[in-house]
2 protein chains.
Amino acid sequence: MIQVAIMGHGVVGSGVAEILLTHKNSLKKKVHNDISIKKILDLREFPELSYSDKFTKDFNDIVNDEEIKVVAEVMGGVNPAFDFVKRCLEAGKSVVTSNKELVAKKGAELLAIAKEKNVSFLFEASVGGGIPIIRPLNNCLVANEVDEIAGILNGTTNFILTKMITESMSFKDALSLAQQLGYAERDPSADVEGHDACRKICILASLAFGKHVYPDNIHTEGITNISLEDVEYANNWGGVIKLIGDVKHMPDNMLDIFVAPMLINNESQLSGIDDVFNGILVRGDATGDVVFYGKGAGKLPTASAVVADIVDCIKNMSTGKYLFWEDCDGSNVMPYEESVSAMYVRATGDIKSAEKVFGEISKLTRKKAPDNEIAFTTDEMSVKKFNAKLSELEKSGVKVINTIRIGDL
Amino acid sequence: MIQVAIMGHGVVGSGVAEILLTHKNSLKKKVHNDISIKKILDLREFPELSYSDKFTKDFNDIVNDEEIKVVAEVMGGVNPAFDFVKRCLEAGKSVVTSNKELVAKKGAELLAIAKEKNVSFLFEASVGGGIPIIRPLNNCLVANEVDEIAGILNGTTNFILTKMITESMSFKDALSLAQQLGYAERDPSADVEGHDACRKICILASLAFGKHVYPDNIHTEGITNISLEDVEYANNWGGVIKLIGDVKHMPDNMLDIFVAPMLINNESQLSGIDDVFNGILVRGDATGDVVFYGKGAGKLPTASAVVADIVDCIKNMSTGKYLFWEDCDGSNVMPYEESVSAMYVRATGDIKSAEKVFGEISKLTRKKAPDNEIAFTTDEMSVKKFNAKLSELEKSGVKVINTIRIGDL
């Protein structure tokens with residue numbers, strides 16, 4: 001009998017309990033042992049549940065219980081999750097988590113403790129919900145040098161953009177609908193400002209390239225500036241706008257990493273990933289492009305990934321330390337100004353000024369555009385050079401409304 | 001230092017050697033040890049290679065060498081691969097293979113030996129080339145009941161169908177082009193008759209549902225009957241024709257499993273998987289749909305999957321037996337006659353006869369169709385019922401040209 005504890009009985013936590021109970025027999029076959037929930041930490045009470053006797057409000061009931069070998073942290077946020085997870089690892093327990101904020105901000109420190117204590121710290125559910133991505137990145141692609149990872153990592157923003165693209169719904173209306181359907185929080189900023197996607201690309205980059213990348217160190221743009229006009233121009237260009245977390249491996253082990261909306265060509269496999277789905281493209285030197293696609297969030301997909309990690313902890317009880325990366329001070333992140341991309345520009349003014357400043361451009365059109373509206377795409381250039389040219393353009397009397405990166409995915 | 005051997009120095013084998021040599025340092029980091037190639041089995045000689053001293057023509061040099069802990073079998077075919085792999089496992093060596101025929105026909109027996117000897121028998125490369133699918137199925141989806149697996153599992157036929165769909169190339173011309181490009185063998189029957197896809201869905205089904213499914217026990221159709229007329233009707237219906245390996249979990253642990261061309265709706269994520277790419281859809285009760293997409297074949301994608309398995313063997317040296325399924329006599333395979341599907345029919349004759357026999361049908365049209373050509377889709381029914389109705393239809397004077405399953409993917 002393996003005793004486990006669950007910290008947090010919200011959406012994901014109750015899903016973890018449900019799977020552990022309903023899949024008891026098939027899980028037993030996998031680990032050759034019974035998995036039993038000994039304690040669930042939550043400040044609330046759930047007297048109606050069949051397992052209401054498992055609940056505790058005191059973390060010490062978990063950390064001090066030597067019978068508990070694996071702890072699932074599904075509370076979210078850094079406080080008190082960080083303190084709790086750290087103390088569980090220090091007490092020699094393996095920990096699994098779905099908490100992307102915790103992993104993105106404290107992963108290196110927690111992985112170091114896990115390594116020292118010879119226990120596992122796993123977090124498959126922190127990126128892509130039920131899509132297996134952390135484990136394939138770590139294991140299956142071990143014989144590859146990963147060149148790039150690019151993903152639609154946030155289901156809420158993908159839902160909003162899909163509604164804008166397919167139903168010409170405004171950003172505001174699409175956001176309201178997402179909130180009504182429970183896809184977006186009342187305060188949607190973590191999603192729509194790109195912070196959630198940022199945490200996820202940081203986790204993927206840390207794992208793939210071996211050094212912790214902190215969210216504060218990377219350029220993060222959300223989708224609040226995207227308008228239906230941009231969506232229409234993107235369509236006429238032959239693509240769609242998606243919020244992408246992207247990391248490229250550059251010379252000298254530097255990382256070109258950022259979160260930003262991007263024009264994605266309709267030919268790209270990422271372009272067809274719609275609604276609340278997530279899709280992650282991994283470019284390896286040997287495998288070529290591999291895409292992982294599925295539901296990036298939700299109670300059962302996420303809980304199933306947490307339970308898969310619990311099973312993995314139990315299987316690796318004797319060996320531990322399954323995932324690892326080193327800490328890093330951000331010196332491996334290339335300044336965003338040096339990042340190179342072709343760009344989309346929408347503005348009001350004279351297209352001739354744009355041609356003068358940018359040289360070769362491709363003009364875009366849309367129906368019913370105001371007479372003085374212009375839109376075009378540029379050649380590839382660094383963000384620094386692009387910004388300099390934008391200033392020049394503005395000086396020539398053109399008013400820039402929006403600019404968006406063009407993805408090569 | 002971990003000593004490994006490679007059996008076979010063809011396309012995949014030379015790729016395995018190349019990756020082990022060129023990625024020596026990054027592999028060392030992963031396994032905390034040097035991986036060294038001690039022997040390579042091949043009847044040919046390669047005097048020009050830097051590692052020409054490793055070659056042997058005698059299998060005994062490998063099986064009797066106690067220093068060799070992991071053997072990669074990349075010869076293909078069942079003989080002598082089966083005998084060699086069996087003897088390596090019996091000698092206490094872990095074995096990895098890219099040989100789908102071997103795994104599909106002899107998997108249960110080899111897995112049982114590996115289990116008894118406490119070594120690993122891994123075969124990530126046998127399905128989907130460089131796409132990680134075996135490991136995610138086994139590990140990440142452990143907390144799911146898998147309901148269905150459906151995949152485009154053969155790159156050659158997908159290339160041929162893509163050319164027929166996008167360039168209206170005939171089957172014959174597309175096959176010739178595939179042969180010119182090296183995608184198809186001179187004898188293309190294993191691909192175009194569906195046998196290759198059959199082996200792969202058997203492996204996936206065996207792993208997902210725990211009992212060996214043998215290729216001989218399942219209905220297998222290829223794409224040789226697909227014509228440009230069918231492609232055109234499929235397009236007007238709103239989809240494409242793809243060769244699909246499909247397994248559904250039915251009541252009483254029975255499997256509805258087959259390989260057949262299918263009309264796939266354009267909305268499906270599998271519909272956009274073109275050229276030599278493979279895509280595999282896994283439907284879990286908790287995760288929902290997860291799709292894995294990438295290059296299903298080729299030297300380096302496949303070799304990288306083999307090397308990832310070698311790394312996994314080394315990491316699990318003390319524990320072994322990572323994958324497992326039981327043998328089975330085919331009693332878990334549902335008779336194909338009971339399989340249920342909506343169907344596409346193309347025929348010459350009177351559409352009224354079709355309506356009389358099938359009741360509610362949806363008529364399909366195409367430009368420049370001969371006057372007496374008819375095409376339609378039916379409601380869902382069992383293969384048995386469908387075949388009975390087809391006989392009835394033929395009796396009424398309609399000549400059936402082709403019938404294709406309609407996928408719900």
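It should be noted that the structure appears before, not after, this text.
Residues numbered from 1 in each chain as written. Chains lettered and ligands numbered in written order. Predicted model: local features only at pLDDT ≥ 70, side-chain atom pairs only at ≥ 80, totals over all residues. Heavy atoms only, no water.

**Student:** For the interface of chain A and chain B, give the residues involved together with the corresponding values.
**Tutor:** As a measure of interface size, the accessible area lost when the parts come together is often cited. Contacts between the two partners involve 43 residues from chain A, matched on the other side by 42 residues from chain B. Note on chain A versus chain B: buried area summed over both sides is about 3400 Å², and carbon and sulfur give 58% of it. Applying the counting criterion to the chain A and chain B interface returns 0 salt bridges. Across the contact surface, chain A and chain B share 9 residue pairs in polar contact (both at pLDDT 80 or more). (Contact = heavy atoms within 4.5 Å. Buried area = accessible area lost by both parts, 1.4 Å probe. Salt bridge = Lys/Arg side-chain N within 4 Å of Asp/Glu carboxyl O. Polar contact = N/O pair within 3.5 Å; in protein donor to acceptor, adjacent residues only side chain to side chain.)

**Student:** Any details on the packing of aromatic side chains? Residues and values, ideally.
**Tutor:** For any pair of aromatic rings, the description rests on two quantities: the centre-to-centre distance and the angle between the ring planes. The final tally for this structure, using the stated rule, is 23 aromatic pairs over all chains. Between A:Phe358 and A:Phe386, the aromatic rings sit 5.8 Å apart at their centres with planes inclined by 40°, giving tilted as the arrangement. With A:Phe358 in helix 13 (residues 351–358) and A:Phe386 in helix 14 (residues 383–395), this pair connects stretches of sequence that are 28 residues apart. The same class applies to A:Phe358 as to A:Phe386, namely buried. With a centroid separation of 5.2 Å and an interplanar angle of 10°, the aromatic rings of B:Phe277 and B:Tyr293 are classed as stacked. Here B:Phe277, found in strand 11 (residues 277–284), pairs with B:Tyr293, found in strand 12 (residues 288–295); they are 16 residues apart in sequence, far enough to count as distant. Take B:Phe277 and B:Tyr293: they sit in the same class, and that class is buried. Three or more aromatic residues joined by ring pairs form one cluster here, namely A:Phe46, A:Tyr51 and A:Phe55. One residue, A:Lys106, lies across the ring of A:Phe82, its end atom 4.7 Å from the ring centre. (Phe/Tyr/Trp six-rings, centres within 6.5 Å; stacked < 30°, edge-to-face > 60°. Helix = DSSP H or I, 4+ residues; strand = E, 2+ residues; numbered from the N terminus. Buried < 20%, exposed > 50% of the residue type's maximum accessible area, 1.4 Å probe, protein only. Lys NZ or Arg CZ within 6 Å of the ring centre and 35° of its normal.)

**Student:** With reference to specific residues and values, describe the relation of the copies chain A and chain B.
**Tutor:** Rotating chain A by 180° and moving it 0.1 Å along the rotation axis overlays it on chain B with an RMSD of 0.0 Å. Both copies are brought into coincidence by an operation consistent with a two-fold rotation axis. Looking at the rotation axis and the C-alpha trace of chain A, the residue lying nearest is A:Phe292, at 2.5 Å. In this assembly, 98% of the residues forming the interface of chain A have copies in chain B that are likewise at the interface, indicating an isologous arrangement. (Least-squares fit on C-alpha atoms with pLDDT ≥ 70 in both.)

**Student:** How would you sum up helix 10 (residues 195–209) of chain A? Please name residues and give values.
**Tutor:** Taking 1.5 Å as the rise per residue, helix 10 of chain A with 15 residues should run 21 Å; its terminal C-alpha atoms sit 21 Å apart, in good agreement. Summarising burial for helix 10 of chain A: 13 of the 15 residues are buried, a large majority. (Expected span 1.5 Å × (residues − 1).)

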